[in-house]
Amino acid sequence: MTKPAPITIPTEPIGSIPRPADLIERVAKGDSEDTDLSALYEDAIRDTIERFEATGSPVVTDGEQRKHHNFATYCVHGLPNTAPDGFKIPFSDGHMRRLPRLTRGPFRYKRYADSYLDVATRYAHVPVKQAVISPSALSLLYPAERIRDYSREEFIVDLLSEHEIEIRRCLEKGAHKVQVDFTEGRLAVKIDPSGHLLNSFIELNNLALSRFTPEERRRLGVHTCPGSDFDSTHSADVDYAELLPSLFALKVDSFYIALAGGRDHPHVLKIIRKYLKPGQRIFVGVTAPADPRIETPEEVRDRVLEASEYIPVEQLGTTDDCGFSPFSDDTSTSRDTAFAKIQARVLGTALAERLIGAR
Ligand SMILES: [Zn+2]
């Protein structure tokens, strides 16, 4: 009797790993483009990838060590045509982050994320994924009042083009996946409960994603979460029922959905089951970066088994709920804790895989 092929449940990180303390200190003191910092960045990236691979993670990232100052504005940081007083993101613990504001056109990225892949792939022995920021997040850079001689329409044309260039460069350089960070999706429902803002974000992102072939989209994914900064969130009170039906309209194959840190897992899994489309792979969050307690592999295993009751196993994957420090100065989680949680994700997913395979 031939044995059935073993099932595989892919497992991937989201992206960020807390930066080493000495790097955070040095960046806080001066210019993050300071050439003296290059060696520190390089050490941080090499160490991150070594430790990532030591967890057994089949896919790694560079831990976004060089994304200053965060997952959203790394590509525009330092542009002369921006001012610091842009869109405000309030978090549940009372602190606030701000996006830059565009002051004049044309809009061009200062750097593309494939430059991070250049370094990461020098050190990595396993596939490397790359997260990029969504057009919808960057659309918030354009101010409410019109910029003279540079309309919002002109801005959107430039934005979509820059985003497409960034994704293509990452794909060409062999990124295992290119994950579009879409944390503002859930925030959009909080800001505008009518759903209009969310739908305009989905439309905008799909304008960019439609430029890719179905083949290319197999390597594209989207991450959604309620935000994560200093262990607090910006939109955890928004029900997934308001978000997921629209989210699954995005033209990508992989979805990375925060789940572990939420309250009612069956409620969310039922919504996923209802709106999931054929060919889509749902990577459910099985570890919660905002929870200081390190999950055990057995807990992760049970979370995967629970998810497999709702999501067909050939469409299931696992991930962390979010990056471990999407903002570079977030010291709420240590590197040790982050890697211990990642190891629990990897081990727990493998335990579930064996049990499901033996069914
Ligand atoms: Zn996230």
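Remember, it's a predicted structure, so these values are computed and weren't measured experimentally. (Residues numbered from 1 in each chain as written. Predicted model: local features only at pLDDT ≥ 70, side-chain atom pairs only at ≥ 80, totals over all residues. Heavy atoms only, no water.)

**Q** How would you summarise the pairing of strand β10 (residues 316-320) if you had to cite specific residues and measurements?
**A** Taken across its five residues, β10 has five buried, putting it largely inside the fold. Both faces of β10 are covered, namely the face carrying L316, T318 and D320 and the face carrying G317 and T319. (Buried < 20%, exposed > 50% of the residue type's maximum accessible area, 1.4 Å probe, protein only. Helix = DSSP H or I, 4+ residues; strand = E, 2+ residues; numbered from the N terminus.)

**Q** Could you give an account of helix α7 (residues 196-209), naming the residues involved and the relevant values?
**A** Under the 1.5 Å per step criterion, the end-to-end length of α7 is 20 Å for 14 residues, consistent within 8% with the ideal 20 Å. Residues of α7 that are buried: L198, F201, I202, L204, N205, N206, A208 and L209. (Expected span 1.5 Å × (residues − 1).)

**Q** Please give an account of the coordination of the zinc ion that cites residues and values.
**A** Protein-derived ligands of the zinc ion are H223 (NE2), C225 (SG) and C322 (SG), with the metal-ligand distances lying across 2.1 to 2.3 Å. Using a relative accessible area of 8% as the deciding quantity, one classes C322 as buried. (Donors = N, O, S within 2.8 Å, 3.2 Å for Na, K, Ca; no water.)

**Q** Residue-level account of the packing of helix α10 (residues 265-275) against helix α11 (residues 297-308), with values.
**A** At a minimum axis separation of 10 Å, α10 and α11 run at an interaxial angle of 40°. Our classification of the angle between α10 and α11 gives oblique. In this structure, α10 crosses over α11, and the sense of that crossing is right-handed. The segment α10 lies against α11, with H265, P266 and L269 engaging R303, E306 and A307. Each residue belonging to the contact of α10 with α11 can be placed in one class, and the counts come to three nonpolar, one polar and two charged. (Axes fitted to C-alpha atoms, helices over the stretch in contact; angles between N-to-C directions. Parallel < 35°, antiparallel > 145°, perpendicular 65-115°, else oblique. Left-handed = near helix turned anticlockwise from the far one by under 90°. Contact = heavy atoms within 4.5 Å. Nonpolar A, V, L, I, M, F, W, Y, C, P; charged D, E, K, R; others polar.)

**Q** Give me the pairing of strand β5 (residues 130-133): which residues, what numbers.
**A** On β5, burial covers both faces: Q130 and V132 on one face and A131 and I133 on the other are all buried. Taken together, the four bridges between β5 and strand β6 (residues 178-181) define a ladder with parallel strand orientation. For A131, the partnering residue across the bridge sits in β6 and is Q179. (Pairing = 2+ DSSP bridges.)

**Q** How would you sum up the environment of S254? Please name residues and give values.
**A** Within the secondary structure, S254 is located in strand β8 (residues 254-257). In sequence terms S254 and Q179 are 75 residues apart; their C-alpha atoms lie 8.3 Å from each other. Engagement of the side chain of S254 in a polar contact is seen with the side chain of K177, the distance being 3.3 Å. (Polar contact = N/O pair within 3.5 Å; in protein donor to acceptor, adjacent residues only side chain to side chain.)

**Q** So what's going on with the packing of helix α6 (residues 184-191) against α7? Which residues, and what values?
**A** Taken N-terminus to C-terminus, the directions of α6 and α7 make an angle of 150°; their axes are 7 Å apart at the nearest point. In terms of orientation, α6 lies roughly antiparallel with respect to α7. Contact residues: α6 offers E184, G185, A188, V189 and I191, while α7 offers L197, L198 and F201. Here the contact of α6 with α7 is composed, by residue class, of six nonpolar, one polar and one charged.

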